[in-house]
Amino acid sequence: MANSQTKAPAKAKKQGFQGVRAAFWIIVLCFIAGVCFYEFVLGNPGNFQGGDNANAPLPGNLLGTIYKGGIVVPVIITLLFTVIALSVERGLALRTANGKSSLVKFVANVKAAVSAGDMAKAQQLCDKQQGVVGNVVSASLKAYSEMEKTPGLKKEQKVSKIQQAHEEAVQLEMPTLQMNMPILATLVTLGTLTALFGTVVGMIKSFAALAAGGGGDSLELSTGISEALVNTASGILTSWCAVVAYNYYSNKIDKLTYALDEVGYTIAKTYEANHTEEA
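The rules we used
Residues numbered from 1 in each chain as written. Predicted model: local features only at pLDDT ≥ 70, side-chain atom pairs only at ≥ 80, totals over all residues. Heavy atoms only, no water. Helix = DSSP H or I, 4+ residues; strand = E, 2+ residues; numbered from the N terminus. Rg over C-alpha atoms; globule rule 2.2 N^0.38 Å. Contact = heavy atoms within 4.5 Å. Areas by Shrake-Rupley, 256 points an atom, 1.4 Å probe, with all protein chains shown as cover. Lys, Arg positive; Asp, Glu negative; His and termini not counted. Charge placed at Lys NZ, Arg CZ, Asp CG, Glu CD. pLDDT = per-residue confidence, 0-100. Expected span 1.5 Å × (residues − 1). Buried < 20%, exposed > 50% of the residue type's maximum accessible area, 1.4 Å probe, protein only. Polar contact = N/O pair within 3.5 Å; in protein donor to acceptor, adjacent residues only side chain to side chain. Salt bridge = Lys/Arg side-chain N within 4 Å of Asp/Glu carboxyl O. Patch = residues over 30% accessible without salt bridge, like charges linked within 9 Å, V, L, I, M, F, W, Y side chains within 5 Å. Phe/Tyr/Trp six-rings, centres within 6.5 Å; stacked < 30°, edge-to-face > 60°. Arc of directions from axis to C-beta. Disulfide = S-S within 2.5 Å.

*Asks:* Got a minute to help me understand the overall build of the protein chain in this structure?
*Replies:* Along its length, the protein chain carries 10 helices and 0 strands. Helices and strands in the protein chain line up, N terminus first, as α-α-α-α-α-α-α-α-α-α. By the compact-globule yardstick of 19 Å for 279 residues, the protein chain is too spread out, its C-alpha radius of gyration being 28 Å. Each of the three principal axes of the protein chain carries a C-alpha extent, and together these read 100 × 30 × 30 Å. A fraction of 79% describes how many contacts in the protein chain between residues 6 or more apart in sequence connect residues 24 or more apart. Surface summary for the protein chain: the accessible area is close to 14500 Å², and the carbon and sulfur share equals 64%. The protein chain carries 23 positive and 20 negative side-chain charges, and their two centres are separated by 8 Å.

Given below as structure tokens:
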């Protein structure tokens, strides 16, 4: 019965931005933005000699060069925009999960209050902190109070139930913390593979021009090589951003989980130290 009571607060107290569950729509919007960026920004006539992006033999600047990268470019831009959008989404969600004050300061204050036996103060800190951190620690404190009122159990069993309540609260919150992280991990690989695909397409065009022979095909040869290099560079940039974002947020999630485990261990051990076996 105590376990079922500790699950409810973790769900009920969630406040603020919890993340975007329908990530598919983020990808769709990023695809639309990527195509528009490709056509209207990179494909702006001012980026090409003669003001014609379709028939100009050479681009006039770097944006025009990227535009000449071919049909793979908007796909890579879509992946890059998705990485940026999900990075912002995860940043906002984890900021809410940490709560309103510094995580390090909150953990230190709660541990001090629990060690002093002031559970009311510890609960006040949780209510003030809010977020995932506040929810999980609050569930552990409620389990602590319930075990004090529950007769007929050995101290070891009560400590175990407090630890179990903490673990259940963490598991209830983990989907919020891990949401969309697998997509970021997938984009790390997709960026590289898409770049490789674009590189191969560009090299096929180059070798086709080379096979045709004659000096007149030198423009086609250089165009194919340029397309291959543009796709390679943009794909590597996308993968670089994705791997940095994924590792950064994975590290933040790990730190948050370790802090919660530290507080949960302190609460359980405080109960064990402050209570004796029932007669």
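*Asks:* I would appreciate a short explanation of the confidence of the model for the protein chain in the present structure.
*Replies:* The predicted coordinates should not be examined in detail at positions where pLDDT is low. Confidence in the prediction for the protein chain averages 86 pLDDT; 91% of positions are at 70 or higher. Across residues 1-14, confidence stays below pLDDT 50; counting only partners more than four residues off in sequence or on other chains, it has 27 contacts.

*Asks:* Looking at this structure, I do not really get helix 7 (residues 131-148). What am I missing?
*Replies:* Helical geometry: 3.6 residues make up each α-helical turn, so side chains three or four residues apart lie on a common side. In this model, helix 7 (18 residues) spans 26 Å end to end at C-alpha, consistent with the 26 Å of a helix rising 1.5 Å per residue. Of all 18 residues making up helix 7, 15 are buried, and the element is well covered by its neighbours.

*Asks:* Can you walk me through the environment of E39 in this structure?
*Replies:* Topologically, E39 is positioned in helix 2 (residues 23-42). You can call E39 partly exposed: its relative accessible area is 36%. Between the C-alpha atoms of E39 and L177, which are 138 residues apart in sequence, the distance is 36 Å. Beyond its immediate sequence surroundings of up to four residues, E39 is in contact with N44 and Y67.

*Asks:* Help me out: how do you make sense of the side chain of T199 in this one?
*Replies:* Turning to its location among the elements, T199 is positioned in helix 9 (residues 181-212). Engagement of the side chain of T199 in a polar contact is seen with the side chain of T232, the distance being 2.3 Å. Those residues within four positions of T199 in sequence are excluded, and the remaining contacts are A228, N231 and T232.

*Asks:* Would you mind going over the pattern of salt bridges with me for this structure?
*Replies:* Pairing is possible between side chains that carry opposite charge, provided their charged atoms lie close to one another. Inspection of the entire model under this criterion finds 4 salt bridges. E262 serves as the salt-bridge partner of K111, at 2.7 Å between the closest nitrogen and oxygen. In this pair, K111 sits in helix 5 (residues 103-115) while E262 sits in helix 10 (residues 218-274), placing the two residues 151 residues apart along the sequence. Here E272 and K269 are joined by a salt bridge, their closest N and O atoms 3.2 Å apart. Taken together, the residues span about one helical turn, with E272 and K269 both in helix 10 at a distance of 3 residues.

*Asks:* What's the story with a nonpolar patch on the surface in this structure? I'm lost.
*Replies:* On the surface, F17, I84, V88 and L92 cluster together to form a nonpolar patch covering roughly 340 Å² of accessible area. Since its relative accessible area comes to 43%, L92 is described here as partly exposed.

*Asks:* Could you clarify how one ought to interpret the packing of aromatic side chains in this entry?
*Replies:* Two aromatic rings, taken as a pair, are described by how far apart their centres are and by the angle between their planes. Enumeration over the complete set of coordinates arrives at 6 aromatic pairs. Between F37 and F81, the ring centres sit 5.8 Å apart and the planes meet at 75 degrees, which makes this aromatic pair edge-to-face. Taken as a pair, F37 in helix 2 and F81 in helix 4 (residues 72-98) lie far apart in primary sequence, 44 residues in all. We classify F37 as partly exposed; its relative accessible area is 30%.

*Asks:* Quick question: what am I supposed to make of helix 5 here?
*Replies:* Taking 1.5 Å of rise per residue, 13 residues should cover 18 Å, and helix 5 covers 18 Å from first to last C-alpha, within 8% of that figure. Among the residues of helix 5, L103, F106, V107, V110, A113 and V114 are the ones counted as buried. Along the axis of helix 5, the buried residues cluster in a sector spanning 135 degrees; they form a single face. Turned more than 90 degrees away from the buried face of helix 5 sit V104, K105 and S115, all of them exposed. The secondary structure elements touched by the buried residues of helix 5 are helix 4, helix 6 (119-129), helix 7 and helix 10.

*Asks:* Is there a simple way to think about the state of the cysteines in this case?
*Replies:* A covalent bond between the sulfur atoms of two cysteines is what we call a disulfide. Applying the stated criterion across every chain, the model contains 0 disulfides. Counting only cysteine sulfurs, C30 is the nearest neighbor of C36, a cysteine outside any disulfide, at a range of 12 Å.

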